[in-house]
Amino acid sequence: MSSIIQLLPDHVANQIAAGEVVQRPASVVKELLENAVDAKATDIKLIIKDAGKALIQVVDNGVGMSVTDARLCFERHATSKIRNAEDLFSLHTKGFRGEALASIAAIAHVEMKTKQDQEELGTHIVIEGSKFVSQDPAVLPKGTSFAVKNLFYNIPARRNFLKSDTVEFRHVVDEFQRVAMAHPSIYFTMYHNGSEMFNLPNSNLRQRIVAIFSGKTNEKLVPIQEQTDILTIQGFVGKPEFAKKNRGEQFFFVNDRYIRSNYLHHAVINAYEGLLPNGSQPSYFIYLTVPPHTIDINIHPTKTEIKFDDEQALYAILRSAIKHSLGQFNVAPALDFDRDPNLDTPYEYQNRTAEYPTIQVDRTFNPFSDEKKSNSFSGGSSSYKKVETTQNWESLYVGLKQETFEIENFSIENEEVTASFFDEKEEEQTAKHTYQIQKKYIVSPIKSGMVIINQNRAHQRVLYEQFLINMTVQQAASQQLLFPLAISFSVNELKIIAEMQPALEATGFVFDWESEQLQVLGIPSNTTEGEVLAVLEELVSDLQDGIPDSSFSQNDTIAKSMAKSLAVKTGMYLTEKEQENLVNNLFACKDPNVSPFQKPTFITLRVEDIDKRFTL
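Residues numbered from 1 in each chain as written. Predicted model: local features only at pLDDT ≥ 70, side-chain atom pairs only at ≥ 80, totals over all residues. Heavy atoms only, no water.

Colleague: Describe the overall build of the protein chain, and please don't skip the residues or the numbers.
Modeller: Looking only at helices and strands, the protein chain features 16 helices and 22 strands. Counting the 616 residues in the protein chain, one finds 41% classified as buried. Looking at the protein chain alone, contacts between residues at least 24 apart form 67% of all its contacts between residues at least 6 apart. (Helix = DSSP H or I, 4+ residues; strand = E, 2+ residues; numbered from the N terminus. Buried < 20%, exposed > 50% of the residue type's maximum accessible area, 1.4 Å probe, protein only. Contact = heavy atoms within 4.5 Å.)

Next comes the structure, spelled out in structure tokens:
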């Protein structure tokens, strides 16, 4: 029998490896930016076109590559980061596998220009689908430039599975921000379709975070710092009052490498115990420095998962450090029953000298004398005088003009009194038609039995259809605010809201744009000022996965998100009138049977069903 196992060609093996390394344009951005950082670059530029589908270019001023290295870097398992297996336990660089460039070259058109500082000429290489098209010497500046064009051009199935440009660009921005936050000493610049998105000069850690997320971020950061034998912690955590519903601004870095860790995230949430509203997530930017031999990075090709030697110790230290910072900066309340608040002295009083109080005495004062003398001290010019009350109150009205009118010529329209069928003393007793159970369900009797309505889902359906009508047929009225409401969002979040502005204004919102803030001038009539931030945050979170292309899908997504945010919550008490209004509005909807998320809004319980329960 002939052998059937054969060795795959290199270009096929590279395409298979690319499925793990390169999942979307953001994966290419991550690999190229990390290579630029490893090349000791101090100025890195990222140029994107069509969310990375057409072009991803990274230009750096690093050490560059020689002619041999420039050709060899596109081979599989070719790397300058490690030499033997022991180096995996003392990694000081971002990359070490030697698979990224080979995988990228297998599924795209790659053009690389590189030059070392001591060389006169650089190297210009063009590769298309793992095939070397040309390699020529060229006059180039110091550093390396990678241009990746037409990603997934030879894998149409993978290209078709890519999301919209909005979603892919958001992932690219996420990867750019993670690398830029990990290295504040490097000058980063990002361009998308010819416009500058980020310009981040080299700075310290706090300035880099503020430059990425907006100027208002500075006031919500609480510094955290702790140094022990097994790790060093530094960075910032957010104040509890700035917590959000989504998990947007949460970053862990281990040895300047972005990671995800649910275990460490739980330590942060545990440190905020009792300080956050239910369902809110704090912001944090935490940088951990640990000995390289105590972690294992070689778990997943994306290198975002790390195994620690002693996770329990890291958990305890991180939790304690955050609680200490929150207490040190008076963010967390402290209880001290032995402290006397009357003894608290302001800090500005510490260098002031004590002064003797000035005392003034009226030596002529006699408490037994009949005549009360007016007290006037030399220190003040005020005098006290007894005010005599008016004896005759009628004198207050003396001199007022009085006019009298004859009422004989006036005719008064009398209403005819009709006979009443009921006694006037008998009050009309109206039967109560709805009942609220456990502040969750509304029960309404009907002819065949009863209807049990889920108040949250029913209100979602009512609001959903109302918002759709406002966005498509009739624009809703707006409730203007006396004082504009300023809300801070990141650059990417502001971009999402700007794209949805026409639909949001149809529901009643009125916006005014500034450089880093969103000014809300008007809100929908069924929204309170305190709900605006939660509604917009929920909307941005729901649209993070992409804004639908068709107009109807956009309106549908916005209507669902706003209905979910503004609907009556479970546990809210409703008056009888509110219950009846909700029931009437629900059955006036086009589809009252299900909520906008296709969940039943009510169930019907017939009398026959109740009778069966009592049958033995």
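Colleague: How would you summarise the packing of helix H10 (residues 455-472) against helix H15 (residues 576-587) if you had to cite specific residues and measurements?
Modeller: Between H10 and H15, the shortest axis-to-axis distance is 9 Å and the interhelical angle comes to 55 degrees. By the angle between their directions, the pair H10 and H15 is classed as oblique. Crossing of H10 against H15: the hand is left-handed. Mapping the contact onto sequence places Gln455, Ala458, His459, Arg461 and Val462 in H10 and Leu582, Asn585 and Leu586 in H15. Classifying every residue of the contact of H10 with H15 gives 4 nonpolar, 3 polar and 1 charged. (Axes fitted to C-alpha atoms, helices over the stretch in contact; angles between N-to-C directions. Parallel < 35°, antiparallel > 145°, perpendicular 65-115°, else oblique. Left-handed = near helix turned anticlockwise from the far one by under 90°. Nonpolar A, V, L, I, M, F, W, Y, C, P; charged D, E, K, R; others polar.)

Colleague: Residues and numbers for the packing of helix H6 (residues 165-182) against helix H7 (residues 205-213), please.
Modeller: Angle between the axes and distance between the axes: these two values describe a pair of packed helices. Direction vectors running N to C along H6 and H7 enclose 160 degrees, while the axes themselves pass 9 Å from each other. The angle between H6 and H7 places the two elements in the roughly antiparallel class. Between H6 and H7 lies a crossing of right-handed hand. Of H7, the residues touching H6 (which contributes Gln177, Ala180 and Met181) are Leu205, Arg208, Ile209, Ile212 and Phe213.

Colleague: Describe empty space enclosed by the protein, listing the residues and the values that go with them.
Modeller: Applying the stated rule across the entire model yields 2 cavities of 30 Å³ or more. If you add up the space inside the largest cavity, you get close to 120 Å³. Looking at the largest cavity, it is lined by 13 residues, and the ones nearest its centre are Glu34, Arg178, Val179, Arg257 and Tyr258. Residue composition of the lining of the largest cavity, by class: 4 nonpolar, 2 polar and 7 charged. Volume-wise, the second largest cavity comes out at about 40 Å³. In terms of lining, the second largest cavity is formed by Phe169, Val173, Gln177, Met197, Phe198, Val491, Asn492 and Lys495. Here the lining of the second largest cavity is composed, by residue class, of 5 nonpolar, 2 polar and 1 charged. (1 Å grid on protein atoms, 1.4 Å probe; cavity = no way out; pocket = protein on both sides within 12 Å on 5 of 7 lines; lining within 4 Å. Points joined across faces, edges and corners; volume = space filled by probe spheres on them.)

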